[in-house]
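Coordinates in review
Listed below are the residues making up each chain.
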Amino acid sequence: MKVLVVDDDFMVAKLHSRYVSATEGFTVVGVAHSGAGALRAAETLRPDLVLLDIYLPDMDGISVLRELRAAEERDEERGSVDALFITAARDATLVRSALRAGALHYLIKPFNQATLQEQLRHVAALRSRFDRLGEARQEDVDQIFGTRPPGSRELPKGLAVHTAELVERVLREHPGGLSASECAAAGSLSRVSARRYLEYFVETGRVEVSLRYGGTGRPERRYRPIG
């Protein structure tokens, strides 16, 4: 993903650029230190994501995001850019305005590299999910918007909420993926039970599955959490 970093503080912009560059799959294509500079850079560079400060010398970051959205409406061939606010502004009204303007998230300074990288990976997972979706199901919408806590999802008959939460926790602890047998061992479940929940998560778009081929026999199904 191509990232534009916008911050009036040169050293902060440099630090955030370093964090982004250290995240697999992300590249800093430009840096701007003002609202006008951000708009010019976005027009020229067409980034996928803008890291946007609220406090800029000529206009606030929320106004910048609104201008970017207006430019997208005027030019149908212009791709849509995502925005992640990175700011010291703590006023709840500003947070609400940022979300209403179309920001994906809002990080309050100071924070560490791991926090920013977690958000970047979340953005990448959202974009990947949208790219794969043809028609959204309610489960997809709930996960994208975060409108339901995990325990409130309606499960098919025969599946229990507490077991689903257990399997989800095991998946989060193994972001690189695991097999049904490994999930069963980690969660003290039967392999059959673990497999049922894992396949349900695949069906609802929360887990992706891949095949690992060994020397003989059927390939092993490996499950990895999405996002």
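Residues numbered from 1 in each chain as written. Predicted model: local features only at pLDDT ≥ 70, side-chain atom pairs only at ≥ 80, totals over all residues. Heavy atoms only, no water.

**Observations concerning helix α5 (residues 113-132)**
- When the terminal C-alpha atoms of α5 are compared, their 29 Å separation across 20 residues agrees well with the 28 Å that a helix rising 1.5 Å per residue should span.
- Capping of α5 at its N-terminal end is provided by N112; its side-chain oxygen lies 3.3 Å from the backbone amide nitrogen of A114. (Helix = DSSP H or I, 4+ residues; strand = E, 2+ residues; numbered from the N terminus. Expected span 1.5 Å × (residues − 1). Polar contact = N/O pair within 3.5 Å; in protein donor to acceptor, adjacent residues only side chain to side chain.)

**A closer look at the sheet that holds strand β5 (residues 105-108)**
- Sheet architecture is open: five strands sit in the order β2-β1-β3-β4-β5, paired in parallel fashion. Each having just a single partner strand, β2 (27-32) and β5 make up the two edges of the open sheet. When strand polarity is set aside, the average angle formed by the axes of neighbouring strands in this sheet is 20°.
- In the sheet, strand β3 (residues 49-52) pairs with strand β4 (residues 82-87) via four bridges, with the strands oriented parallel. From the neighbouring strand, L51 faces β4, where its bridge partner is L84.
- Where helix α2 (residues 35-45) meets the sheet, it contacts β1 (2-6) and β2, and its direction lies at approximately 170° from that of β1. (Pairing = 2+ DSSP bridges. Axes fitted to C-alpha atoms, helices over the stretch in contact; angles between N-to-C directions. Contact = heavy atoms within 4.5 Å.)

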